[in-house]
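What follows is the residue order along each chain.
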Amino acid sequence: MSDNSSSKSSIGIIAGLLGAVCFGFIPVFGKPALEIGLSPMCILAYRFSLATIILGIFLKIRRVKLGIALRDMPVMLLLAIFYCISGGCLMMGYEYMSGGVTGVIHFSYPVFVLLILLLFFRERVRLSSAIAIVIAIAGIYCLGVLGGDAAFIPGANRTQGVLIVVLSGVGYAAYLVSLGKGRAQRFDSLYLTFWVLVFTSLIFIALAAVNGELVLVSHTETLLNFAALALIATVVANVLVVYAVKTVGSTLESILSAMEPATSMVMCIILFDEKLNLPIAIGILLIFVAVGIVVCSKRDNA
């Protein structure tokens, strides 16, 4: 490997780690807004609207053409719907359980990618795949059932909370599969991300408005949280991860993305005094193992 390639790979690894860490700050900036009574839909409307504006300015500075053909809109809309399911359910999950546990359950999405490929694209079932699915289910059970009061907000419906967060992982898995299997492959990554953000923000604005939850926020600290949520945990995170995938590949990036739930867990323990007990620790370990099996399986196939 040349020095230039080695240096580029090192930068790609750093970008992947930093991107995952940025995604891990979603509960840090999102939970305070929930605690003052704003709805998940309102928070997400602000998050993705601001992210769209920020990324749009960035692309304009780079002189990227942002026009979209009518025939491409259904593709972007479908991707946005999957992204909305993922982001919406993840934010709703913070109303049921701790931010750290929510992030770890969401991180099981590589297992759901595998399930989608098995069920809808008839990919061959490997023993390692079946083992990963069983381990992931066991990990979710440890977090959602055995974790007890340390994992959940007092008075929350535990079953409903776990199902919502699992759905966030399913939504993200469907988004990733759609990126790799459909017409979305022919689009530039940043251009595609911009238009997915456009449609995502429009969907959340509509949902918040229909439910009467779209309110004008004037509280300075909340606005700063929204700006950080849009810039750090959305735009910067996506740009870094896209660069990492193009530089070091999706397999290594999948491993680096483990920093996302790890960051969420650590930051929520520090900032929100969330608890970590033995069942939660075991659940975290099991989900990490399951994802590791899936990633290694993909690498072997390659």
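Provided above is the structure to which this section pertains.
As a starting point, this report considers the structure included with it. Within every chain, residues take consecutive numbers counted from 1 along the sequence as written. Reporting in this predicted model follows two pLDDT cut-offs: at least 70 for local features of residues, and 80 or more for side-chain atom pairs to be given and counted; totals over whole chains, interfaces and linings ignore these cut-offs and use all residues. With hydrogens and water excluded, all non-hydrogen atoms of the structure serve as input to the side-chain values.

## Observations concerning the overall build of the protein chain
We count a stretch as a helix when DSSP gives it H or I for four or more residues in a row; a strand needs E for two or more, and each element gets its number in order from the N terminus. A count of helical and extended segments in the protein chain gives 13 helices and zero strands. Each of the three principal axes of the protein chain carries a C-alpha extent, and together these read 50 × 50 × 40 Å. Within the protein chain, contacts between residues at least 6 apart in sequence are counted, and of these 86% link residues at least 24 apart. The method behind every accessible area is Shrake-Rupley, applied with a 1.4 Å probe, and residues are considered shielded solely by the protein chains displayed. For the protein chain, the computed accessible surface area is about 14,200 Å², with 68% contributed by carbon and sulfur atoms. The positive count covers Lys and Arg only, the negative count covers Asp and Glu only, and His and the chain ends enter neither. By convention, charge coordinates are those of NZ in Lys, CZ in Arg, CG in Asp, or CD in Glu. Placing the 19 positive and 14 negative side-chain charges of the protein chain at their respective mean positions leaves the two points 13 Å apart. Residue contacts are counted whenever heavy atoms from the two residues lie within 4.5 Å of one another.

## Notes on unusual backbone geometry
The phi angle at arginine 63 is positive, at roughly 60°, despite the residue not being glycine. Topologically, arginine 63 is positioned in the loop between helix 3 (40-61) and helix 4 (73-93).

## Digging into the pattern of salt bridges
The term salt bridge refers to a pairing of a side-chain nitrogen on Lys or Arg with a carboxyl oxygen on Asp or Glu at a separation within 4 Å. Counted according to the given criterion, the structure contains two salt bridges. The residue arginine 186 makes a salt bridge to aspartate 72 at a minimum N-O spacing of 2.5 Å. Note that arginine 186 is positioned in the loop between helix 8 (158-181) and helix 9 (189-210) and aspartate 72 in the loop between helix 3 and helix 4, a separation of 114 residues in sequence. Residues lysine 275 and aspartate 273 are paired through a salt bridge, measuring 3.6 Å at the closest nitrogen-oxygen approach. Classification of lysine 275 by relative accessible area gives partly exposed; the value is 48%. The classification of residues rests on relative accessible area computed with a 1.4 Å probe and restricted to protein chains. Under 20% of the type maximum is buried, over 50% is exposed, and intermediate values are partly exposed.

## Quick word on a nonpolar patch on the surface
Patch membership requires over 30% relative accessible area and the absence of a salt bridge. Like charges are linked within 9 Å, and nonpolar side chains (Val, Leu, Ile, Met, Phe, Trp, Tyr) within 5 Å. A contiguous nonpolar patch, built from Leu77, Ile81, Ile85 and Leu167 and spanning about 290 Å² of accessible area, is present on the exposed surface. At three residues, the largest contribution of residues to the nonpolar patch is made by helix 4.

## What about the packing of aromatic side chains?
Think of it this way: a Phe, Tyr or Trp ring, Trp meaning its six-membered ring, pairs with another when their centres are within 6.5 Å, and the plane angle makes it stacked under 30 degrees, edge-to-face over 60, tilted otherwise. Under the counting rule described, the total for this entry stands at twelve aromatic pairs. Look at tyrosine 109 and tyrosine 172: their rings are 4.8 Å apart centre to centre, the planes differ by 85°, and that puts the pair in the edge-to-face class. Of the two residues, tyrosine 109 sits in helix 6 (residues 109-120) while tyrosine 172 sits in helix 8, which places them 63 residues apart along the sequence. Both residues of the pair, tyrosine 109 and tyrosine 172, belong to the buried class. Taken together, the aromatic side chains of Phe48, Tyr83, Phe107, Tyr109, Tyr172, Tyr175, Phe204 and Phe288 make up a single cluster linked through ring pairs.

## Details of the packing of helix 6 against helix 8
At their nearest, the axes of helix 6 and helix 8 sit 8 Å apart, and the two run at 60° to each other. One way to sum up the angle between helix 6 and helix 8 is to call them oblique. Helix-helix and strand crossings are classified by hand; for helix 6 and helix 8 the assignment is right-handed. Along its contact with helix 6, which presents Tyr109, Phe112, Val113, Ile116 and Leu117, the element helix 8 presents Val166, Gly169, Val170, Tyr172, Ala173, Ala174, Leu176, Val177 and Lys181. Just so you know the grouping, Ala, Val, Leu, Ile, Met, Phe, Trp, Tyr, Cys and Pro go in nonpolar, Asp, Glu, Lys and Arg go in charged, and all remaining residues, Gly too, go in polar. Residue composition of the contact of helix 6 with helix 8, by class: twelve nonpolar, one polar and one charged. To get an axis, fit a line to the C-alpha atoms, keeping to the stretch in contact for a helix; angles then go from 0 to 180 degrees between the N-to-C directions. Angles below 35 degrees are treated as roughly parallel, those above 145 as roughly antiparallel, those between 65 and 115 as roughly perpendicular, and all remaining angles as oblique. Each helix crossing is assigned a hand: it is left-handed if the near helix lies turned anticlockwise from the far helix by less than a right angle, otherwise right-handed if that turn is clockwise.

## Things to note about the side chain of glutamate 274
With respect to the helices, strands and loops of the structure, glutamate 274 is situated in the loop between helix 12 (259-272) and helix 13 (278-301). There is no salt bridge for the buried glutamate 274, and the closest opposite charge comes from lysine 31, which lies 4.0 Å off by N-O distance. Engagement of the side chain of glutamate 274 in a polar contact is seen with the backbone nitrogen of glycine 99, the distance being 2.8 Å. Not counting residues up to four positions away in its chain, the partners in contact with glutamate 274 are Lys31, Ser98, Gly99, Gly100, Cys268 and Ile269. Polar contact is the term for a pair of N or O atoms within 3.5 Å; when the atoms are in protein, one must be able to donate a hydrogen and the other to accept it, and sequence-neighboring residues count only if both atoms are side-chain atoms.

## Examining the packing of helix 3 against helix 4
For any two helices packed against each other, the geometry comes down to the angle between their axes and how far apart the axes lie. The interhelical angle for the contact between helix 3 and helix 4, taken along N-to-C directions, is 125°, at an axis separation of 9 Å. By the angle class used here, helix 3 and helix 4 are oblique. Considering how the two elements wind past one another, helix 3 and helix 4 form a crossing that is right-handed. Where helix 3 approaches helix 4, its residues Pro40, Met41, Ile43, Leu44 and Phe48 are matched on the opposing element by Tyr83, Gly87, Gly88, Met91 and Met92.

## Let's talk about the environment of methionine 41
On the secondary structure map, methionine 41 appears in helix 3. Residue class for methionine 41 comes out buried when judged on its relative accessible area of 13%. The spatial distance from the C-alpha of methionine 41 to the C-alpha of asparagine 211 is 9.0 Å, given a sequence separation of 170 residues. Other than its neighbours up to four places away in sequence, methionine 41 contacts Gly88, Met92, Phe204, Leu207, Ala208 and Glu213.

## Here we look at the environment of alanine 33
Among the secondary structure elements, alanine 33 is positioned in helix 2 (residues 26-35). Taking the C-alpha atoms as reference, alanine 33 lies 7.1 Å from isoleucine 43; in sequence the two are ten residues apart. Discounting residues that sit within four places of it in the chain, alanine 33 has contacts with Leu38, Ile43, Thr222 and Phe226.

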